[in-house]
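Residues per chain, in single letters:
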Amino acid sequence: MATKKAAPKKPAVKKPAAKKPSSRSTTKKAATRKKSPQNQPNVPAFSADEDLEAYKVMLTIRRFEEKAGQMYGMGLIGGFCHLYIGQEAVVVGVQMASEEGDQMITGYRDHGHMIAMGLDPRGVMAELTGREGGLSRGKGGSMHMFSTEKHFYGGHGIVGAQVSLGTGLAFANRYYDNGNVSFVYFGDGAANQGQVYESFNMAELWELPVVYVIENNQYAMGTAISRASAQTDLSKRGVSFNIPGEQVDGMDVRAVRDAAARAAKSCRDGNGPFILEMNTYRYRGHSMSDPAKYRAREEVNRMREEHDPIEQVKARLLKSKTVNEAGLKEIDAEVRAIVTDAANFAQESPEPDASELWTDIIEEVSA
Amino acid sequence: MSVEILMPALSPTMEEGTLAKWLVKEGDEVRSGDLIAEIETDKATMELEAVDEGRIGKLVVAEGTENVPVNDLIAVLLQEGEDSTSISSAPQEKSAAPQAAPSEDASPDDAEPVAGPGAVAAIIAPDPDIPEGTAMASITVREALRDAMAEEMRSDDTVFVMGEEVAEYQGAYKVTQGLLEEFGSRRVVDTPITEHGFAGLASGAAMAGLKPIVEFMTFNFAMQAIDHIINSAAKTRYMSGGQMACPIVFRGPNGAAARVGAQHSQDYSSWYAQVPGLKVVAPYSAADAKGLLKAAIRDPNPVVFLENEILYGRTFDVPEIDDWVLPIGKARVMREGADVTIVSFSMGLTYALDAADQLAEEGIMAEVIDLRSLRPLDIDTIIASVQKTNRLVVVEEMWPICGIGSEIAAQVQEKAFDHLDAPILRVSGKDVPMPYAANLEKLALPSAPEVVAAVKSVTYR
Ligand SMILES: Cc1ncc(C[n+]2csc(CCOP(=O)(O)OP(=O)(O)O)c2C)c(N)n1
Ligand SMILES: [Mg+2]
């Protein structure tokens with residue numbers, strides 16, 4: 001592959017339209033949001049259909065995760081189980097901006113990504129229970145799931161690993177010249193791993209079509225972003241590599257879709273990587289047994305009451321009379337039925353056969 | 001249809017808890033996410049969140065009730081249009097064990113409290129390092145490790161702790177609990193998630209004369225940092241012609257936890273044990289954990305200190321001796337016997353000791369040796385035992401290929417070939433990545449019955 005041409009240089013760091021004020025001090029409270037959906041004038045509107053679609057998928061993710069939490073409480077799911085509740089708009093908005101063949105890769109907080117990509121919730125839930133019907137046939141678990149069919153590359157338990165892997169997916173896109181984009185999701189905590197910056201450099205150097213979607217949910221386990229990051233404006237983390245970055249209201253699915261579409265277009269136009277910092281929030285603990293003493297209950301409540309991604313769309317749907325209360329109830333029932341079916345499947349599917357212990361380790365090559 | 005709220009489990013091992021407090025009363029409306037109760041387990045106070053929306057129809061279990069089994073009905077939630085008469089109607093949707101949101105002193109995060117405290121029953125042979133008549137305190141491995149660090153930090157200002165979540169969160173597995181409070185943020189340092197960076201930084205600080213204790217949240221994440229452990233810490237003394245030292249401890253849980261899958265369940269014992277310039281310690285009991293960690297902190301060399309998450313909560317007797325320090329590189333005979341030698345370390349001892357109990361019932365007396373240190377390896381103690389029993393089984397949780405058992409087998413046949421009456425057998429984890437499924441995970445790990453079978457094979461029974 002050719003190295004970067006010296007001549008036509010894209011503009012250096014773009015100043016995005018809807019940018020947060022940049023005066024962030026290091027003492028900033030992690031969840032102080034400077035931008036609420038109400039005072040964000042430039043969000044491109046969604047059609048009624050788009051709102052409806054986003055609503056259904058986000059609700060499915062929410063209900064799926066609530067069910068997973070319950071099943072963990074009943075001992076049906078083991079180990080670590082990281083719920084995506086609160087962050088639904090990020091993956092749904094990005095998915096709405098993606099095209100057939102685009103890849104996605106993320107960390108261990110991955111259930112929502114698979115549901116947004118259209119994978120059967122049964123397969124996801126059965127993987128959580130470690131059963132034969134799971135996406136990895138019970139061998140991967142909550143943190144390790146993949147789908148070659150849907151171009152979902154995992155599901156990674158090692159913080160930061162997905163960033164260089166996802167950059168490699170973009171390398172392949174560039175190599176094949178297939179016009180696809182790789183969407184690489186990682187957290188505010190992962191953003192401090194060294195391989196992130198090694199990847200940034202290569203991605204820009206070789207103009208790889210990769211959108212780095214930083215899901216800044218304000219905490220890495222118990223560490224608020226300001227306690228771990230010298231530069232808390234994560235959209236600026238590509239500055240020294242000349243990678244453009246934008247901060248996005250990750251609780252507003254319209255803003256997410258819009259930013260992701262522009263970033264992906266820039267990639268497809270051959271301009272190299274793009275960074276999107278999605279400001280979002282996780283409502284639950286880091287994983288199922290996190291006491292979450294590092295933040296006030298009021299902080300969580302305020303985010304839920306004022307910024308909930310699903311409630312925002314719901315309000316728009318009602319206001320535009322796209323659906324009425326009865327219509328919403330129907331959707332809710334539909335979604336609950338899907339989730340209940342997945343949960344039942346995940347409990348009825350048998351454990352993998354004992355012989356599976358020894359399969360899929362290596363592909364035998366005949367001499 | 002009304003929804004039953006069930007007693008939730010905080011971890012896969014929780015079986016019962018105390019319903020400490022109701023935060024709602026009958027008739028209250030709740031929304032998904034509202035707190036409804038506080039539940040105590042042996043380790044934590046958890047807040048319960050409602051999952052479904054509705055009105056509290058009945059609080060079935062009274063506040064203050066102890067030993068409520070997981071999955072027992074604790075309350076009934078009425079859905080729209082229902083009144084309390086629907087409560088008695090028999091078949092209800094049995095779904096909603098609410099979210100368990102632990103609120104106090106839960107163990108870890110990314111750290112499920114895997115095994116409860118459970119005292120460890122019989123350690124047969126008295127520890128020759130403990131003078132007779134010494135008073136004993138019953139403490140967990142977790143506390144022993146913390147005490148070791150605190151004592152060394154009190155006596156030497158150059159000792160400091162660094163790692164992810166070690167300070168404000170009190171440790172992902174609560175091993176550093178209380179250290180921030182006593183020693184402050186100069187000496188108990190929370191890092192970003194950047195293992196390669198802080199392992200290198202700490203190694204540099206050690207070269208400059210400080211004595212860092214680097215906590216890896218687990219050794220799985222030390223793979224990000226292994227270059228500094230080996231290339232920077234282990235080789236500096238040699239490459240500098242003896243001028244420069246790197247006195248540092250790399251510690252954290254190693255090996256399989258429970259149900260966390262392939263990337264979070266690996267035992268690195270033999271990886272580090274292979275490296276000249278390192279010392280490697282892997283204790284089993286709380287007394288050894290304390291005495292050896294203190295020795296590791298004082299050691300002028302880099303020490304890799306391999307703990308085990310499942311052992312953290314186990315309780316053992318620890319001598320109440322001022323400054324309890326044990327020598328690195330000495331194995332310990334845990335149980336005496338003349339028929340077979342079983343060598344193990346760390347979590348492997350649980351299988352070895354279990355098996356020894358079962359074998360004793362059948363009249364086969366096993367001598368059980370806890371290696372405690374993997375480098376240097378106390379081969380003399382093993383050979384002395386094999387000279388007596390003429391049979392050897394090595395038990396370890398890690399993969400079999402190029403394991404600690406492989407090394408012991410090689411050395412014993414080199415040094416004591418004539419004393420062997422049977423081939424040396426290894427009982428180990430299976431040669432596969434750790435599966436997530438509960439049944440497969442069980443099969444992937446070694447077990448006491450496998451140890452018993454190996455012993456019977458070498459004793460020709
Ligand atoms: C290399 C590595 N170090 C540490 C961990 C333990 N760990 C798992 S998740 C996590 C926090 C990550 O936070 P963030 O990147 O913000 O993602 P979030 O969990 O908020 O989605 C940590 C420290 C790990 N899995 N891998
Ligand atoms: Mg985060």
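Rules and cut-offs
Residues numbered from 1 in each chain as written. Chains lettered and ligands numbered in written order. Predicted model: local features only at pLDDT ≥ 70, side-chain atom pairs only at ≥ 80, totals over all residues. Heavy atoms only, no water. Helix = DSSP H or I, 4+ residues; strand = E, 2+ residues; numbered from the N terminus. Expected span 1.5 Å × (residues − 1). Buried < 20%, exposed > 50% of the residue type's maximum accessible area, 1.4 Å probe, protein only. Arc of directions from axis to C-beta. Contact = heavy atoms within 4.5 Å. Axes fitted to C-alpha atoms, helices over the stretch in contact; angles between N-to-C directions. Parallel < 35°, antiparallel > 145°, perpendicular 65-115°, else oblique. Left-handed = near helix turned anticlockwise from the far one by under 90°. Nonpolar A, V, L, I, M, F, W, Y, C, P; charged D, E, K, R; others polar. Donors = N, O, S within 2.8 Å, 3.2 Å for Na, K, Ca; no water. Buried area = accessible area lost by both parts, 1.4 Å probe. Salt bridge = Lys/Arg side-chain N within 4 Å of Asp/Glu carboxyl O. Polar contact = N/O pair within 3.5 Å; in protein donor to acceptor, adjacent residues only side chain to side chain. Near = heavy atom within 4 Å. Areas by Shrake-Rupley, 256 points an atom, 1.4 Å probe, with all protein chains shown as cover. Pairing = 2+ DSSP bridges. Phe/Tyr/Trp six-rings, centres within 6.5 Å; stacked < 30°, edge-to-face > 60°.

Asker: Help me understand helix H6 (residues 194–205) of chain A in this model?
Answerer: Every α-helix carries 3.6 residues per turn, so stepping three or four residues along brings you back to the same face. Residue and element names in this part refer to chain A. In this model H6 runs 17 Å from its N-terminal to its C-terminal C-alpha over 12 residues, within 8% of the 16 Å that 1.5 Å per residue would give. Turning to H6, its buried residues number three or more, namely Gln-195, Val-196, Ser-199, Phe-200, Ala-203 and Glu-204. One side of H6 holds all its buried residues, which, seen down the axis, span an arc of 160 degrees. Tucked into the core, H6 has its buried residues touching helix H5 (161–176), strand E2 (182–187), strand E3 (210–216) and strand E7 (274–279). Once H6 finishes, Glu-207 follows within two positions and takes phi at roughly 50 degrees, a positive value.

Asker: Explanation requested: the packing of helix H4 (residues 121–128) of chain A against helix H11 (residues 325–348) of chain A in the structure shown.
Answerer: Working note: a packed helix pair is described by the angle between its axes plus the distance between those axes. All names here are of chain A. Look at H4 against H11: their axes get within 8 Å of each other, and the N-to-C directions meet at 45 degrees. Considered as vectors, H4 and H11 are oriented oblique to each other. Where H4 crosses over H11, the two elements pack in a sense that is right-handed. Contacts from Pro-121, Arg-122, Met-125 and Ala-126 in H4 reach Ile-338, Asp-341, Ala-342, Ala-343, Phe-345 and Ala-346 in H11. For the contact of H4 with H11, the per-class residue count stands at eight nonpolar, no polar and two charged.

Asker: I'm lost on the coordination of the magnesium ion (ligand 2) in this one. Help?
Answerer: For a metal with four tetrahedral donors the ideal donor-metal-donor angle is 109.5 degrees, while six octahedral donors give ideal angles of 90 or 180 degrees. Residues and elements named next belong to chain A. Taken together, Asp-188 (OD), Asn-217 (OD1) and Tyr-219 (O) make up the full set of protein donors to the magnesium ion (ligand 2), lying 2.1 Å away. Between the donor residues of the magnesium ion (ligand 2), the gaps in sequence give the motif D-x28-N-x1-Y. Placement of Asp-188 in the loop between E2 and H6 and of Tyr-219 in strand E4 (residues 219–220) is noted, with a sequence separation of 31 residues between them.

Asker: Any chance you could explain the environment of Lys-25 of chain B here in plain terms?
Answerer: Residues and elements named next belong to chain B. Looking at the secondary structure, you find Lys-25 in the loop between strand E2 (16–22) and strand E3 (29–30). For Lys-25 and Leu-59, which are 34 residues apart along the polypeptide, the C-alpha to C-alpha distance reads 7.5 Å. Apart from the residues within four sequence positions on either side, Lys-25 is in contact with Ile-56 and Leu-59.

Asker: Would you explain the interface of chain A and chain B in this entry?
Answerer: Interface extent is often summarised as the accessible area lost during association of the parts. Across the contact, 60 residues belong to chain A and 66 residues belong to chain B. Carbon and sulfur atoms make up 51% of the area that chain A and chain B hide from each other, which totals about 4,900 Å². In terms of surface lost to chain B, no three residues of chain A exceed Phe-80, Met-221 and Leu-357 of chain A, which account for 13% of the buried area on that side. When the shortest N-O distance is used, the salt bridge between Glu-168 of chain B and Arg-227 of chain A registers 3.5 Å. Counting the contacts that link chain A with chain B gives 13 residue pairs in polar contact (both at pLDDT 80 or more).

Asker: Could you clarify how one ought to interpret H11 of chain A in this entry?
Answerer: All names here are of chain A. A rise of 1.5 Å per residue sets the reference length of H11, with its 24 residues, at 34 Å; its end C-alpha atoms lie 34 Å apart and thus fit the reference within 8%. Within the sequence span of H11, burial applies to Gly-327, Leu-328, Ile-331, Val-335, Val-339, Ala-342, Ala-343 and Ala-346. Of the surrounding elements, those touching the buried residues of H11 are helix H1 (48–73), H4 and helix H10 (309–319).

Asker: What is the right way to look at unusual backbone geometry in this model?
Answerer: When glycine is set aside, most residues are seen to have a negative phi, and most peptide bonds are trans. Residue Pro-376 of chain B is bonded to the preceding Arg-375 of chain B through a cis peptide linkage, with omega at 0 degrees. Take Pro-376 of chain B: it is sitting in the loop between strand E22 (373–375) and helix H9 (379–389). Phi angles above zero are rare outside glycine, and Gln-218 of chain A is one such case at about 80 degrees. Within the secondary structure layout, Gln-218 of chain A lies in the loop between E3 and E4. A positive phi angle is found at Cys-402 of chain B, which is not glycine, with a value near 55 degrees. When you line up the elements, Cys-402 of chain B lands in the loop between strand E23 (392–395) and helix H10 (404–416).

Asker: Would you explain the site of ligand 1 in this entry?
Answerer: Among the 23 residues in the neighbourhood of ligand 1, the closest are listed as Tyr-108, Arg-109, Ala-190 and Asn-217 of chain A together with Glu-195 of chain B. Ligand 1 is flanked by residues contributed from chains A and B. In the model, an oxygen atom of ligand 1 is placed 2.8 Å from a nitrogen or oxygen of the Gly-189 of chain A main chain. Computed on the free molecule, ligand 1 has an accessible area of 580 Å², of which 97% lies beneath the protein chains in the complex. Taken together, the residues that form the shell around ligand 1 break down as 10 nonpolar, eight polar and five charged.

Asker: Honestly, the pattern of salt bridges in this entry has me stumped. Any pointers?
Answerer: It is possible for side chains bearing opposite charge to pair when their charged atoms get close. For the coordinates displayed, the defined rule picks out 44 salt bridges over all chains. Residue Asp-341 of chain A pairs with Arg-122 of chain A through a salt bridge whose shortest N-O separation is 2.8 Å. One end of the pair, Asp-341 of chain A, is in helix H11; the other, Arg-122 of chain A, is in helix H4, with 219 residues separating them in the sequence. Residue Lys-290 of chain B pairs with Glu-151 of chain B through a salt bridge whose shortest N-O separation is 2.8 Å. In this pair, Lys-290 of chain B is assigned in helix H7 (residues 286–298) and Glu-151 of chain B in helix H1 (residues 141–155), connecting sequence segments 139 residues apart.

Asker: Can you help me understand the sheet that holds strand E17 (residues 303–307) of chain B in this one?
Answerer: Backbone-to-backbone hydrogen bonds pair the strands of a sheet. The strands run either parallel or antiparallel. All names here are of chain B. Ordered by their spatial adjacency, seven strands build an open sheet running E13-E12-E14-E15-E17-E16-E22, and the pairing between neighbours is mixed. Each having just a single partner strand, strand E13 (188–190) and E22 make up the two edges of the open sheet. Ignoring strand direction, the axes of neighbouring strands in this sheet form an average angle of 20 degrees. As paired strands, strand E15 (residues 249–253) and E17 are joined by five bridges and run parallel to one another.

Asker: Mind showing me how you'd approach the pairing of strand E12 (residues 159–163) of chain B here?
Answerer: Consecutive residues of a regular strand have side chains that alternate between opposite faces of the sheet. All names here are of chain B. Of all five residues that make up E12, five are buried, and the element is covered over most of its length. Of the two faces of E12, both are covered, the one formed by Val-159, Val-161 and Gly-163 as well as the one formed by Phe-160 and Met-162. When E12 meets strand E14 (residues 211–215), the two strands line up parallel, connected through five bridges. Across the sheet, the residue bridging to Val-161 is Ile-213, located in E14. In this structure, E12 lies alongside E13, joined through three bridges in parallel fashion. The residue bridging Val-161 from the neighbouring strand is Val-188, located in E13.

Asker: How do you make sense of the packing of aromatic side chains when you look at a structure like this?
Answerer: The way to describe two aromatic rings as a pair is by their centre distance and the angle between their planes. Residue and element names in this part refer to chain A. Applying the stated rule across the entire model yields 18 aromatic pairs over all chains. With a centroid separation of 6.2 Å and 80 degrees between ring planes, the pair formed by Phe-200 and Phe-241 is classed as edge-to-face. One end of the pair, Phe-200, is in helix H6; the other, Phe-241, is in the loop between helix H7 (225–228) and strand E6 (245–249), and 41 residues separate them in sequence. This pair shows no difference in class: Phe-200 is buried, exactly as Phe-241 is.

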